[in-house]
Amino acid sequence: MTVLVWGLSASAKAEPLAGTASVIDGDTIEIHGQRVRFNGIDAPESAQLCLDAAGKKYRCGQKASIALADFLDAHRPTSCIEVDRDRFKRMVAVCTAGGVDIGEWMVRNGYAVDWPKYSAGFYAKAETDARKAKRGLWTGSFDRPWEWRRQMTVT
């Protein structure tokens with residue numbers, strides 16, 4: 001039997017990593033001491049500031065982390081299927097909680113964005129829906145997290 005994850009074929013014998021997740025940031029969790037980066041999305045960094053609808057600065061990365069923690073608390077357990085490893089040797093995975101794709105939930109609610117470099121546009125519709133509904137990040141203005149990180153390394 002074969003399980004399809006984003007068009008990748010994984011043996012059904014490959015056990016998902018499952019358990020109670022701790023939030024590291026808006027796109028990274030830890031389960032049983034294993035760091036897991038969500039595949040295909042990017043959330044603001046904890047130090048990143050965004051502007052709300054009134055133009056007031058707020059800690060959007062912190063807000064994303066809190067929203068993720070609340071979601072995971074309400075939807076247990078968390079289960080992740082590895083699709084890759086990143087340059088930091090973290091597991092990169094598609095994760096679900098209560099049967100819901102966590103990456104899609106984060107993007108659809110405006111706490112993260114689709115990262116086309118890694119998603120092949122998998123979360124693009126969820127991002128469009130969040131933008132049109134002005135949810136989360138889309139209520140104001142923000143730098144894409146990968147652009148914000150690049151600016152931080154230049155300064």
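The structure this text deals with has already been given above.
Parameters and conventions
Residues numbered from 1 in each chain as written. Predicted model: local features only at pLDDT ≥ 70, side-chain atom pairs only at ≥ 80, totals over all residues. Heavy atoms only, no water. Helix = DSSP H or I, 4+ residues; strand = E, 2+ residues; numbered from the N terminus. Rg over C-alpha atoms; globule rule 2.2 N^0.38 Å. Buried < 20%, exposed > 50% of the residue type's maximum accessible area, 1.4 Å probe, protein only. Contact = heavy atoms within 4.5 Å. Areas by Shrake-Rupley, 256 points an atom, 1.4 Å probe, with all protein chains shown as cover. Lys, Arg positive; Asp, Glu negative; His and termini not counted. Charge placed at Lys NZ, Arg CZ, Asp CG, Glu CD. Disulfide = S-S within 2.5 Å. Expected span 1.5 Å × (residues − 1). Arc of directions from axis to C-beta. Phe/Tyr/Trp six-rings, centres within 6.5 Å; stacked < 30°, edge-to-face > 60°.

Description of the overall build of the protein
- Assigned secondary structure in the protein consists of five helices and 13 strands.
- For 155 residues, the compact-globule formula gives about 15 Å, and the C-alpha radius of gyration of the protein, at 15 Å, lands near that figure.
- Projecting the C-alpha coordinates of the protein onto the three principal axes gives extents of approximately 50 × 35 × 30 Å.
- In the protein, which comprises 155 residues, the share counted as buried stands at 39%.
- The contacts of the protein with a sequence gap of at least 6 include a subset with a gap of at least 24, amounting to 53%.
- Summed over all atoms, the accessible surface of the protein reaches about 8600 Å², with 52% contributed by carbon and sulfur.
- In the protein, the 22 positive side-chain charges and the 19 negative ones have mean positions that sit 3 Å from each other.

Quick look at the state of the cysteines
- This model, assessed by the stated rule, comprises two disulfides.
- For Cys50, the disulfide goes to Cys60, at an S-S distance of 2.0 Å. On the S-S bond that ties Cys50 to Cys60, the torsion sits near 60°, and the link is right-handed. Taken as a pair, Cys50 in strand E8 (residues 49-51) and Cys60 in helix H1 (residues 60-74) lie far apart in primary sequence, ten residues in all.
- Taking relative accessible area as the criterion, Cys50 reaches 2% and is therefore assigned buried.
- Owing to a relative accessible area of 2%, Cys60 belongs among the buried residues under this scheme.
- Note that Cys80 is cross-linked by a disulfide to Cys95, the S-S spacing being 2.1 Å.

So, H1
- With 15 residues, H1 should cover 21 Å at 1.5 Å per step; its first-to-last C-alpha distance of 21 Å lies within 8% of that length.
- Along H1, the residues that are buried comprise Cys60, Gly61, Ala64, Ser65, Ala67, Leu68, Phe71 and Leu72. One side of H1 carries all its buried residues, which in axial view fall inside an arc of 165°.

Observations concerning the packing of aromatic side chains
- Applying the stated criterion across every chain yields a total of six aromatic pairs.
- Three or more aromatic residues joined by ring pairs form one cluster here, namely Phe71, Trp105 and Tyr111.

As for unusual backbone geometry
- Going from Arg76 to Pro77, the amide bond is cis rather than trans, its omega being -5°.
- Its place among the elements puts Pro77 in the loop between H1 and strand E10 (78-85).

Don't take any of this as a statement about function, it's just geometry.
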